[in-house]
Structures are given as C-alpha cells and as structure tokens.
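Notes for the structure review
Residues per chain are reported as follows:
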Amino acid sequence: MALPWHRVYLAVLIIALCMIPAATALDGDGYRTRSPGGQISSVAITNDGSRIVCGSDTGKVVCYNAEGTVLWSHAVSSPVTAVSAAGLGSAFAAGYADGNVSFFKRDGGIRWEKSTGSPVSSLAVSGYGSECAVGGDRLVLFSALGDRIFDARAGDRVLSVAISEDGEYIATGSDNGDINLFGRRGNVLWSEFTHGTVRSVSTADDASIIAAGSADDNLYIMTRKGSIRWLKVTGAPVMSVALSRSGDDVVIANRGGTVRYYEVGERERWSATTNGEI
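Being a predicted model, the structure only gives us computed values, none of them experimental.

**Notes on the overall build of the protein chain**
For the protein chain, the helix and strand inventory stands at one helix and 26 strands. A separation threshold of at least 6 residues defines the contact pool for the protein chain, and within that pool the share at least 24 residues apart is 36%. Carbon and sulfur atoms provide 48% of the accessible area of the protein chain, an area that totals close to 11600 Å².

**A closer look at the sheet that holds strand β12 (residues 131–135)**
With antiparallel pairing, the four strands of this open sheet are ordered in space as β11-β12-β13-β14. Among the strands making up the open sheet, the edge pair consists of β11 (122–125) and β14 (148–152). Each neighbouring strand pair of the sheet contributes to a mean axis angle of 10°, computed without reference to strand direction. Looking at chain direction, β11 and β12 are connected through four bridges and run antiparallel. What sits directly across from Ala124, in β12, is Ala133.

**What to know about empty space enclosed by the protein**
Empty pockets left among the atoms are what a rolling probe the size of a water molecule brings to light. By the definition in use, this model includes one cavity of 30 Å³ or more. Taken as a whole, the largest cavity spans an internal volume of roughly 40 Å³. Taken together, Thr116, Ser118, Val134, Gly135, Gly136, Asp137, Arg138 and Val140 form the lining of the largest cavity. Looking at side-chain class alone, the lining of the largest cavity contains two nonpolar, four polar and two charged residues.

**Topic: the sheet that holds strand β20 (residues 209–214)**
As summarised here, the arrangement of the four strands in space is β19-β20-β21-β22, forming an open sheet in which the pairing is antiparallel. The open sheet is flanked by β19 (198–203) and β22 (228–233), the only strands paired with a single partner. The mean inter-strand angle of the sheet, taken between neighbouring strand axes irrespective of direction, is 15°. In the sheet, β19 pairs with β20 via five bridges, with the strands oriented antiparallel. Of the residues in β20, the one forming a bridge with Val201 is Ala212.

**Notes on the pattern of salt bridges**
Overall, the coordinates contain nine salt bridges when judged by the stated rule. In this structure, Arg148 engages Asp151 in a salt bridge whose closest nitrogen and oxygen atoms are separated by 2.9 Å. Classification of Asp151 by relative accessible area gives partly exposed; the value is 32%. We note a salt bridge from Glu263 to Arg267, for which the minimum N-O separation is 4.0 Å. Judged by relative accessible area, which is 22%, Glu263 ranks as partly exposed. Taking the relative accessible area as the measure of exposure, Arg267 reaches 48% and is therefore partly exposed. Each of Arg138, Arg148 and Asp151 takes part in one network of salt bridges that share partners.

**A look at the pairing of strand β10 (residues 110–115)**
Here strand β9 (residues 100–105) pairs with β10 via five bridges, running antiparallel. Note on β10: the bridge partner recorded for Phe103 is Trp112. Between β9 and β10, which pair antiparallel and follow one another directly, the connecting turn spans four residues, one of which, Gly108, has a positive phi of 95°.

**A word on the nonpolar core**
Within the largest apolar cluster, 15 residues are counted, with the highest numbers of intra-cluster contacts made by Phe103, Leu123, Val125, Cys132 and Val134. Secondary-structure elements contributing two or more residues to this core are β8 (91–96), β9, β11, β12 and β13 (139–143). Not counting the four nearest positions on each side in its chain, Phe103 is found in contact with Ala91, Phe92, Ala93, Gly109, Ile110, Arg111, Trp112, Val125, Gly129, Cys132 and Ala144. Ala211, Val238, Ile252 and Val264 belong to the second-largest nonpolar core, a separate cluster that totals 13 residues.

Procedures and definitions
Residues numbered from 1 in each chain as written. Predicted model: local features only at pLDDT ≥ 70, side-chain atom pairs only at ≥ 80, totals over all residues. Heavy atoms only, no water. Helix = DSSP H or I, 4+ residues; strand = E, 2+ residues; numbered from the N terminus. Contact = heavy atoms within 4.5 Å. Areas by Shrake-Rupley, 256 points an atom, 1.4 Å probe, with all protein chains shown as cover. Pairing = 2+ DSSP bridges. Axes fitted to C-alpha atoms, helices over the stretch in contact; angles between N-to-C directions. 1 Å grid on protein atoms, 1.4 Å probe; cavity = no way out; pocket = protein on both sides within 12 Å on 5 of 7 lines; lining within 4 Å. Points joined across faces, edges and corners; volume = space filled by probe spheres on them. Nonpolar A, V, L, I, M, F, W, Y, C, P; charged D, E, K, R; others polar. Salt bridge = Lys/Arg side-chain N within 4 Å of Asp/Glu carboxyl O. Buried < 20%, exposed > 50% of the residue type's maximum accessible area, 1.4 Å probe, protein only. Core = buried A, V, L, I, M, F, W, Y, C linked by side-chain atoms within 4.5 Å.

Shown next, in the form of structure tokens:
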C-alpha cells in the first residue's frame with residue numbers, strides 16, 4: 001500500500017520547517033506560514049492534519065489549526081528541543097533544554113509538567129495520548145496522568161524516540177549507534193548496533209516495522225522481532241526518517257539536504273534536494 005501523497009508532503013514539510021527560521025507570509029498558492037518567534041526547533045502534526053504544534057528556541061510552544069489560526073500557546077524560559085502530537089489530537093507534549101517536559105490537553109491546558117534530569121533530545125506521544133516517551137541521558141516513559149512508568153538506560157544518550165499507537169513499544173536511537181526496542185515495562189526487546197549516530201527513528205502504528213537512520217549512511221528497516229527486513233545504503237548520513245502508519249513507505253533526509261521517498265524493501269520513488277542542511 002503506497003503512502004498517501006498528502007502524508008508524504010506533510011513529512012517533507014515537517015523536515016523542512018525544522019531547518020529554516022520562522023516566517024509570516026502568504027504565498028501565491030495560498031500556503032500560510034506562521035511565526036512562533038525565533039528559530040523553529042521541532043514540529044508535529046496530528047493524523048488528520050487538523051492540529052500542528054511547533055516549538056522554538058525562544059521557549060514558545062504554539063498549536064495551529066489547518067488554516068493557520070493559533071489555537072493556544074505556552075511559553076517557558078528554556079528553549080524547546082522537541083514537540084509531539086498524539087495521532088488523534090487528544091494530547092501534545094513539549095520537551096526543553098532544561099530537562100523539563102510539558103504535557104498538554106487538546107485545548108492547550110497543562111495536564112502535567114515533569115523533570116527528566118537532563119536536556120530532552122526527543123519525545124513521542126502515543127497515538128491515543130495515553131503515554132509519553134522522553135529521550136535524553138535516559139529513556140523515561142510517562143503516563144497520561146504524569147506517572148513515571150519506567151526510567152531506563154538506553155545505551156548512550158538517546159537522540160530519537162518513537163512510540164507505537166497503543167504505547168506498548170518504544171524505539172530509540174542513540175549517540176553510540178544503538179537502535180533499541182523497549183516494551184512498556186522498560187524491558188529491552190532487542191538491540192541493533194550501527195556504525196554511526198542514530199539521530200532519527202520512526203515506527204508503524206503497531207510497531208510491526210521500525211525505521212532508523214544512521215550516520216553510517218544506512219537506512220535500517222527492522223521488524224518488531226528485531227530482524228533486519230531491509231538495509232538501504234543511501235550515500236550520506238541519514239538525519240531524519242518518517243515511516244508511514246502502515247510501515248509500507250518511508251521518507252528520509254540525508255546530510256547535504258536530499259530528501260528521498262522509498263517503498264520499503266523496494267525502489268526509490270523520488271528524491272529532491274533542498275537549499276540547505278536538514
């Protein structure tokens with residue numbers, strides 16, 4: 001099953017937004033750009049595209065609707081390093097350079113705020129909004145009520161986190177090149193070593209497929225059981241990956257500014273070059 005084109009465009013948009021300063025404009029095609037203030041550090045979007053949340057290095061988290069209207073915002077004194085949205089739009093989360101995490105309700109009200117003890121590199125809210133996985137010096141899983149479900153080491157510093165829709169599986173990528181899959185109790189289900197820093201991981205909704213991009217130039221497509229389904233040499237360090245909900249298609253961004261779209265296990269559908277690093 002091919003990834004719907006609008007989801008491909010959204011994935012590319014999210015990758016591109018993270019590399020450019022925020023702006024406010026309306027171009028000739030009617031696409032709106034909005035500025036939360038400062039450099040955009042992270043963006044996320046709900047499954048239906050109705051809610052977009054972004055964070056900036058000025059410490060501001062802003063949620064927009066599809067028309068570009070600000071629905072709510074939140075400001076802190078620490079730069080925002082990561083944001084995430086539940087697929088159903090029921091919850092949002094933001095992580096900060098000071099190690100704190102904010103968990104928001106759909107209307108922007110703060111459900112809870114917690115400290116992880118180290119700068120947040122990445123976080124991911126489950127599709128149902130029932131869990132929030134946070135990566136930094138450790139991997140921490142919080143419940144929707146703010147309870148700490150587990151707090152575990154995940155090799156070296158965790159740079160990227162992805163979580164299944166039901167919150168039962170958490171994938172991580174680490175500075176030392178490890179790809180790990182954890183169960184909801186904090187148990188390591190498997191580990192795969194790569195020869196470069198793993199800056200990005202992504203999962204299918206049910207975690208049947210996990211994608212990871214490594215600085216060793218390879219795209220790793222893993223199964224939930226830990227076997228390598230597909231290993232693709234991409235020619236440059238992989239900086240970001242986005243897997244379709246079904247796990248059938250994947251978009252990656254290479255160092256140097258190239259975006260590539262693959263059918264998993266098959267061919268490259270297309271590639272494009274941006275005007276800067278991603």
